[in-house]
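So the chains spell out like this:
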There are 2 protein chains.
Amino acid sequence: MRLPVSQARLRPGIIELAQGYPAAGALPVAAWAQAVAGGLREYGSDALMYGHPTGPGPLLRWLCDRLGAADGRVIRPGEVFVTAGASHALELVASLVLRPGDAVLVDSPTYHLALRVLADHARLVPAPADEHGLLPDETAKLLDALRAKGVRVPLLYLVPTYNNPTGGCLPQQRRLALVRLARRRGLLLVEDDTYRELAYDAPAPRSLYGLAEAGEVIRLGSFAKTVAPGIRLGFLCATEEFVARLADRGYVDSGGGVNHTNAVAMGWFGGTGAYDEHLGRVRERYRYRRDSLVRAVAEHLPAARFAVPAGGWFLWLRLSGVDTGALLPVAERHGVGYLPGARCFLPGAAGPAQEYLRLSFSMVAPELFAEGIRRLAAAVVEAQSVRSGV
Amino acid sequence: MRLPVSQARLRPGIIELAQGYPAAGALPVAAWAQAVAGGLREYGSDALMYGHPTGPGPLLRWLCDRLGAADGRVIRPGEVFVTAGASHALELVASLVLRPGDAVLVDSPTYHLALRVLADHARLVPAPADEHGLLPDETAKLLDALRAKGVRVPLLYLVPTYNNPTGGCLPQQRRLALVRLARRRGLLLVEDDTYRELAYDAPAPRSLYGLAEAGEVIRLGSFAKTVAPGIRLGFLCATEEFVARLADRGYVDSGGGVNHTNAVAMGWFGGTGAYDEHLGRVRERYRYRRDSLVRAVAEHLPAARFAVPAGGWFLWLRLSGVDTGALLPVAERHGVGYLPGARCFLPGAAGPAQEYLRLSFSMVAPELFAEGIRRLAAAVVEAQSVRSGV
């Protein structure tokens with residue numbers, strides 16, 4: 001039996017626009033080996049020892065400088081905790097904050113695998129939203145109604161910047177309203193900020209974390225999209241008290257920093273400027289892919305409605321009158337894959353969830369986009385002709 | 001402020017025999033950089049992609065061959081899950097198996113930080129033990145009594161091989177009795193097998209996992225002691241069904257293999273034979289340190305009773321009539337550190353817990369052992385003279 005190394009399995013003949021995986025060519029194969037070697041050279045055995053529980057000093061310092069500049073606030077090293085990826089950060093927050101029987105509010109649509117992380121810990125309730133994202137006033141009403149019934153609702157999870165799957169950014173007025181809501185209602189906002197650095201047209205909007213007071217927002221960050229998913233490195237920003245509680249978790253106390261050697265390497269990668277150079281190239285590459293996919297959809301699937309995302313990896317298409325779940329096997333027969341929109345909503349979500357689909361432009365080579373969208377268009381035609389009995 | 005990189009903080013003037021940290025010189029600084037570079041060279045972008053959830057194929061295959069030979073049973077790749085260290089393995093098992101209100105049986109004394117990992121999930125109950133380790137019959141009686149009271153007791157945690165802190169191995173008859181007990185009572189044994197590879201006199205005894213039938217034992221392994229703690233790599237062996245449940249955990253599904261790039265590097269390190277070469281040197285080094293510390297204690301602290309450990313990192317001393325908790329500040333004033341034995345027992349453990357102390361011979365340079373033990377002996381004399389009012 002041949003055992004797989006990674007999850008990058010391509011089905012022959014299928015243009016895979018479903019997976020939110022990076023482009024193989026964007027992964028810093030040589031540069032990461034240099035970063036690990038650099039960290040080991042600079043810190044010697046300290047880079048292999050039990051790590052400082054919240055992360056190695058050099059990475060924390062670099063993160064604080066970089067994030068503080070983007071957020072417009074001073075971030076202290078004690079407010080940052082280095083994690084084994086953003087999903088692990090979410091798992092840690094959920095483990096600490098949630099108790100069985102709790103409900104969690106989630107943006108809708110949202111990152112479908114975050115739903116799975118959270119569902120390991122609590123019951124999920126979709127927050128009201130329209131095509132521009134979460135609706136703060138309606139969310140406040142829902143929260144009040146849940147709490148009036150005695151349900152504990154400690155947190156709300158959302159991806160406000162270059163959302164997965166929609167690619168959109170929550171408008172500034174809603175960001176401010178949401179932070180006010182969090183403050184007044186004692187609701188913790190968990191801001192998944194994974195795509196911030198992949199901004200193609202202008203700097204990313206200010207984070208909720210940057211707009212809020214201490215304790216209102218936990219921001220999750222990741223190097224999975226900018227460096228590589230396999231290195232399992234991310235971070236979170238929270239209060240010093242929360243970070244101290246994470247560091248005091250039994251298995252962190254026992255094992256030390258949760259991904260120490262890689263975190264030291266990342267500190268080297270960041271501190272030497274190699275990360276910024278790499279990021280510039282990665283941004284260029286994904287910007288080109290976004291533009292290519294946008295053109296391909298406009299040309300070959302004009303019935304699809306979508307907003308051009310200013311960052312991230314995804315195009316969120318609406319095909320009026322199409323059930324994208326039923327369409328998928330037809331599309332795969334035509335040789336193209338995508339993520340049906342319903343996967344990004346909780347089961348039974350109201351509205352036209354099934355008319356949406358997510359295309360990822362991150363992994364597939366852009367010269368295949370036009371062919372992929374032609375196949376998708378052909379699948380739509382076939383499905384519609386079957387349905388109408390033509 | 002200078003932020004620390006790792007946890008390797010030495011207090012000036014103190015010979016630190018408390019920490020179970022590796023020798024800095026035993027850490028493969030150059031070799032690990034080569035392993036990462038080797039993995040990246042061999043697997044390219046696959047080494048940086050989202051990893052196969054249970055671990056990359058090459059590492060799983062190498063582990064199955066190696067462990068299967070030691071255990072005397074065939075281990076299939078589907079029975080292994082690569083973790084971010086043994087503590088993380090324990091956290092994963094606890095997350096999946098334990099529910100609030102459960103009780104967990106733990107060997108006594110045991111690894112003090114495992115107590116913290118488990119205490120995040122359940123109430124801990126010490127299993128009856130004598131100086132040779134856990135007593136199966138008495139443990140069965142305790143288990144029955146707990147269950148008769150309606151307490152759910154899903155698992156028992158122990159370090160049967162080169163125990164932390166005692167250095168001892170559970171005798172073969174007790175291993176067999178314990179496995180029978182697990183089978184008959186439906187009790188899951190969690191075998192922390194972290195020190196197996198650090199065998200100094202003879203091959204390590206067969207694991208509980210090797211003696212048991214499928215589903216009776218989960219074995220936790222680690223590369224923290226043999227390679228480096230900072231790389232955060234370990235594994236567990238369980239049933240295919242249990243491994244599948246771990247892979248299906250939300251944050252594993254979202255992030256892929258929990259430490260993919262390092263796991264690929266470890267597969268390279270193992271597969272090329274570099275690990276075996278390194279392990280040979282490491283074993284030699286720690287064997288020498290064990291012998292040196294044993295000589296130093298025999299010479300300079302003859303009142304201490306202990307068994308010479310055949311593996312692992314620790315010497316477990318009993319000082320009759322001494323309270324090692326009260327002694328610690330005196331010892332540190334004399335310039336030597338150790339772990340008071342009571343830290344390895346649950347609070348309120350019966351017996352002479354406070355007469356024990358754990359010395360680690362892994363981190364401190366062996367030429368300091370004699371001086372460290374002389375200081376400890378001087379502290380004992382001082383403490384006893386104070387107590388007796390001399």
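Residues numbered from 1 in each chain as written. Chains lettered and ligands numbered in written order. Predicted model: local features only at pLDDT ≥ 70, side-chain atom pairs only at ≥ 80, totals over all residues. Heavy atoms only, no water.

Quick look at the interface of chain A and chain B
Contact residues are listed per partner, giving 68 residues for chain A and 69 residues for chain B. For the pair chain A and chain B, the two sides together bury roughly 5800 Å², of which 61% comes from carbon and sulfur. Contact with chain B buries area across many residues of chain A, yet Val5(A), Leu48(A) and Tyr50(A) alone supply 14% of it, more than any other trio. Where chain A touches chain B, the interface holds eight salt bridges. Viewed at the interface, chain B and chain A are joined by 33 residue pairs in polar contact (both at pLDDT 80 or more). With seven residues, helix 1 (residues 29-43) of chain A is the single largest residue contributor to the side of chain A that touches chain B. For the side of chain A that touches chain B, the class distribution of residues is 36 nonpolar, 22 polar and 10 charged. (Contact = heavy atoms within 4.5 Å. Buried area = accessible area lost by both parts, 1.4 Å probe. Salt bridge = Lys/Arg side-chain N within 4 Å of Asp/Glu carboxyl O. Polar contact = N/O pair within 3.5 Å; in protein donor to acceptor, adjacent residues only side chain to side chain. Helix = DSSP H or I, 4+ residues; strand = E, 2+ residues; numbered from the N terminus. Nonpolar A, V, L, I, M, F, W, Y, C, P; charged D, E, K, R; others polar.)

Quick look at the sheet that holds strand 13 (residues 339-340) of chain A
Residues and elements named next belong to chain A. Sheet architecture is open: three strands sit in the order 11-14-13, paired in antiparallel fashion. Two strands close off the open sheet at either side, each with one partner strand: strand 11 (314-318) and strand 13. In this sheet, strand 14 (residues 356-360) lies alongside strand 11 in antiparallel orientation, the contact comprising five bridges. Bridge assignment links Arg318 to a residue of strand 14, and that residue is Tyr356. Sheet strands touched by helix 11 (residues 274-300): strand 11 and strand 14. Its angle to strand 11, the strand with the most contacts, is close to 15 degrees. (Pairing = 2+ DSSP bridges. Axes fitted to C-alpha atoms, helices over the stretch in contact; angles between N-to-C directions.)

Observations regarding the pattern of salt bridges
For the coordinates displayed, the defined rule picks out 50 salt bridges over all chains. A salt bridge links Arg76(B) to Glu240(B), with the shortest nitrogen-to-oxygen separation between them at 2.9 Å. Taken together, the positions of Arg76(B) in the loop between helix 2 (57-71) and strand 2 (80-83) and Glu240(B) in helix 8 (residues 240-247) put the pair 164 residues apart, joining distant regions of the chain. Judged by relative accessible area, Arg76(B) falls into the partly exposed class, the value being 44%. Residue Arg281(B) is joined to Glu277(B) by a salt bridge in which the shortest nitrogen-to-oxygen separation is 4.0 Å. Of this pair, Arg281(B) and Glu277(B) are both found in helix 11 (residues 274-300), four residues apart, which corresponds to roughly one turn of the helix. Among the residues examined, Arg281(B) registers a relative accessible area of 52% and is labelled exposed. Among the ionic contacts, a cluster of salt bridges with common partners joins Asp71(A), Asp193(A), Arg196(A) and Arg219(A). (Buried < 20%, exposed > 50% of the residue type's maximum accessible area, 1.4 Å probe, protein only.)

A word on the nonpolar core
Of all hydrophobic cores here, the largest spans 205 residues; its most connected members are Trp32(A), Leu359(A), Trp32(B) and Leu359(B). Once residues within four sequence positions are removed from consideration, Trp32(A) is found in contact with Val227(A), Ile231(A), Leu233(A), Asn262(A), Ala265(A), Met266(A), Val36(B), Leu40(B), Leu48(B) and Thr261(B). Val104(A), Ala122(A), Leu124(A) and Leu96(B) belong to the second largest nonpolar core, which has 74 residues in total. (Core = buried A, V, L, I, M, F, W, Y, C linked by side-chain atoms within 4.5 Å.)

Looking at the state of the cysteines
On inspection of all chains with the given rule, the structure shows zero disulfides over all chains. The thiol of Cys237(A) is unpaired, and the distance to the nearest cysteine sulfur, on Cys64(A), comes to 7.4 Å. (Disulfide = S-S within 2.5 Å.)

Overview of the environment of Gly167(A)
Residue and element names in this part refer to chain A. One can find Gly167 in the loop between strand 7 (155-158) and helix 6 (172-185). Spatially, the C-alpha atom of Gly167 lies 18 Å from that of Arg219, the residues being 52 residues apart in sequence. Ignoring anything within four residues of it in the chain, the contact list for Gly167 reads Tyr162, Pro309, Ala310, Gly311 and Phe314.

Describing the side chain of Asp107(A)
Residues and elements named next belong to chain A. One can find Asp107 in the loop between strand 3 (103-106) and helix 4 (112-119). Nearest to the buried, unbridged Asp107 among oppositely charged side chains is Arg174, at 8.0 Å. Not counting residues within four places of it along the chain, the set of residues in contact with Asp107 comprises Ala129, Leu134, Tyr157, Leu158, Val159 and Asn163. (Lys, Arg positive; Asp, Glu negative; His and termini not counted.)

Quick word on the sheet that holds strand 14 (residues 356-360) of chain B
All names here are of chain B. Reading across the sheet, the three strands line up as 11-14-13 and stay open at both edges, with antiparallel pairing between neighbours. A single partner strand is all that each edge strand has here, and the edge strands are strand 11 (314-318) and strand 13 (339-340). Set on the sheet, helix 11 makes contact with strand 11 and strand 14; between it and strand 11 the angle comes to about 15 degrees.

Comments concerning the domain arrangement of chain A
Residue and element names in this part refer to chain A. Segmentation of chain A into domains returns domain 1 (29-275) and domain 2 (276-388). If you look at the interface, domain 1 gives 29 residues, while domain 2 gives 23 residues. For the pair domain 1 and domain 2, the summed buried area comes to about 2500 Å², and 58% of that belongs to carbon and sulfur atoms. Area buried by domain 1 at its contact with domain 2 is led by His112, Pro165 and Tyr200, which between them contribute 28% of it. Linking domain 1 with domain 2 are two salt bridges, by the criterion used here. Its salt-bridge partner being Arg66, residue Asp276 comes within 2.9 Å of it at the nearest N-O pair. In this assembly, domain 1 and domain 2 are joined by 18 residue pairs in polar contact (both at pLDDT 80 or more). Counting residues per element, the ones that place at least two in the side of domain 1 that touches domain 2 are helix 4, strand 4 (123-126) and helix 11. (Domains from an automatic or database assignment.)

Concerning helix 6 of chain A
Residue and element names in this part refer to chain A. Taking 1.5 Å per residue, 14 residues should reach 20 Å; helix 6 reaches 20 Å between its end C-alpha atoms and fits that length. Buried residues of helix 6: Arg174, Arg175, Ala177, Leu178, Val179, Leu181 and Ala182, and no others. Summarising the contacts, the buried residues of helix 6 are in contact with strand 5 (129-130), strand 6 (133-134), helix 5 (136-148), strand 7, strand 8 (188-192) and helix 7 (208-211). Phi turns positive one or two residues past the end of helix 6, at Gly186, with a value near 60 degrees. (Expected span 1.5 Å × (residues − 1).)

Details of the relation of the copies chain A and chain B
Mapping chain A onto chain B leaves a residual RMSD of 0.0 Å; the transformation is a rotation of 180 degrees accompanied by 0.0 Å of translation along its axis. Both chain copies can therefore be described as sitting about a two-fold axis. A share of 100% of the interface residues of chain A reappears at the interface of chain B, consistent with the copies meeting face to face through the same patch. (Least-squares fit on C-alpha atoms with pLDDT ≥ 70 in both.)

Concerning the pairing of strand 2 of chain B
Residue and element names in this part refer to chain B. Side chains Val80 and Val82 project from strand 2 onto one buried face, and the interleaved Phe81 and Thr83 project onto a second face that is buried too. Of the pairings in the sheet, the one linking strand 2 to strand 10 (residues 234-237) comprises four bridges and is antiparallel in character. For Phe81, the partnering residue across the bridge sits in strand 10 and is Leu236.

A word on empty space enclosed by the protein
Enumeration over the complete set of coordinates arrives at four cavities of 30 Å³ or more. Size it by volume and the largest cavity reaches roughly 140 Å³. Lining the largest cavity are 15 residues; nearest its centre among them are Ala84(A), His88(A), Val258(A), Ala84(B) and His88(B). Only helix 9 (250-255) of chain A together with helix 3 (86-97) and helix 9 (250-255) of chain B provide two or more residues apiece to the lining of the largest cavity. The residue inventory of the lining of the largest cavity, partitioned by class, reads six nonpolar, seven polar and two charged. For the second largest cavity, the calculated volume is near 70 Å³. Surrounding the second largest cavity, His88(A), Glu91(A), Leu92(A), Ser95(A), Arg249(A), Tyr251(A), Glu91(B), Leu92(B), Ser95(B), Arg249(B) and Tyr251(B) form its lining. Breaking the lining of the second largest cavity down by element, the ones donating at least two residues are helix 3 (86-97) of chain A together with helix 3 of chain B. Residue contributions to the lining of the second largest cavity peak at four residues, all from helix 3 of chain A. Tallied by class, the residues present in the lining of the second largest cavity amount to four nonpolar, three polar and four charged. (1 Å grid on protein atoms, 1.4 Å probe; cavity = no way out; pocket = protein on both sides within 12 Å on 5 of 7 lines; lining within 4 Å. Points joined across faces, edges and corners; volume = space filled by probe spheres on them.)

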